[in-house]
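# Structural overview for review
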Amino acid sequence: MSDDSKINRAIKSAQQVLKSNWKEGKFPVDPVSIAKKMGIGVATMFLPDKISSALIKEKGSPPVIVLSQNDSLNQWRFNCACELGRYIYKNINHLDCDEYLNYGANVPPNSSSEEDAFINLFAENLLMPIDEVTNVLNKEPVPVFLLPQHFGVLDDAMNSRLKKLGLESNHV
């Protein structure tokens, strides 16, 4: 499968999850609500350093996303979106099985792993869909510090998204 097909698969998956599970249409997107609508439990607890989240599936039980209780709300939002991406990736690639445990470390956006690339791209498109990013930027010049607030993401995530979309110079 070509890189473009893999990219399109992550984007289309995020769009489909939004369309099916985020009827509110408001921002910021709440991936915890989306996960619950998809039958995935979400819990917070203490996690060791360098572990930001986990996706757990035990035999006979629905999957559960675990988020670090030490993270901020915006970090929870992004980590939950990443674990949703991991769940979708497993299903698309038929890697879903009765039991699994995956830890979400803070993966750099330029990771060479196909799974990591899918997860990051899925999360970006779930939380910061291109249509909404361009709509917000086209309404009027927006100060950069307001964009992360609108999308409920960290500054670094918003800046990375704008750069990938070639829109970083379109805001004040």
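Remember, predicted model here, so these are calculated numbers, not experimental data.

## Focus: unusual backbone geometry
Of note, the bond from Phe 27 into Pro 28 is cis; its omega dihedral lies within 30 degrees of zero at 5°. Relative to the elements of secondary structure, Pro 28 occurs in the loop between α1 (3-21) and α2 (31-37).

## Remarks on the packing of helix α3 (residues 73-92) against helix α4 (residues 114-127)
Across the interface, α3 lies against α4 with an axial gap of 8 Å and an inter-helix angle of 125°. The orientation of α3 with respect to α4, classified from their angle, is oblique. Between α3 and α4 the crossing geometry is right-handed. Two secondary-structure elements touch here, α3 through Arg 77, Phe 78, Ala 81, Cys 82, Leu 84, Gly 85, Arg 86, Ile 88, Tyr 89 and Ile 92 and α4 through Glu 114, Glu 115, Phe 118, Ile 119, Asn 120, Phe 122, Ala 123, Glu 124, Leu 126 and Leu 127. Among the residues making up the contact of α3 with α4, the classes are represented as 13 nonpolar, two polar and five charged.

## What about α3?
Between the first and last C-alpha of α3 there are 28 Å, a value that for 20 residues agrees with the 28 Å anticipated at 1.5 Å per step. Most of α3 is tucked away: 15 of the 20 residues are buried. In the segment just after α3, His 94 is the residue with positive phi, at about 55°.

## Considering the packing of aromatic side chains
Using the criterion set out here, one finds three aromatic pairs in the structure. Measuring from centroid to centroid gives 5.6 Å for Phe 27 and Phe 151, while their planes differ by 75°, and the two rings are edge-to-face. Here the residue Phe 27 occupies a position in the loop between α1 and α2, and Phe 151 occupies one in helix α6 (residues 146-151), the gap between them amounting to 124 residues. Phe 27 sits in the partly exposed class, given a relative accessible area of 24%. Measuring from centroid to centroid gives 5.3 Å for Tyr 89 and Phe 118, while their planes differ by 55°, and the two rings are tilted. In this pair, Tyr 89 sits in helix α3 while Phe 118 sits in helix α4, placing the two residues 29 residues apart along the sequence. Like Tyr 89, the residue Phe 118 is buried in the burial classification.

Analysis parameters
- Residues numbered from 1 in each chain as written.
- Predicted model: local features only at pLDDT ≥ 70, side-chain atom pairs only at ≥ 80, totals over all residues.
- Heavy atoms only, no water.
- Helix = DSSP H or I, 4+ residues; strand = E, 2+ residues; numbered from the N terminus.
- Axes fitted to C-alpha atoms, helices over the stretch in contact; angles between N-to-C directions.
- Parallel < 35°, antiparallel > 145°, perpendicular 65-115°, else oblique.
- Left-handed = near helix turned anticlockwise from the far one by under 90°.
- Contact = heavy atoms within 4.5 Å.
- Nonpolar A, V, L, I, M, F, W, Y, C, P; charged D, E, K, R; others polar.
- Expected span 1.5 Å × (residues − 1).
- Buried < 20%, exposed > 50% of the residue type's maximum accessible area, 1.4 Å probe, protein only.
- Phe/Tyr/Trp six-rings, centres within 6.5 Å; stacked < 30°, edge-to-face > 60°.

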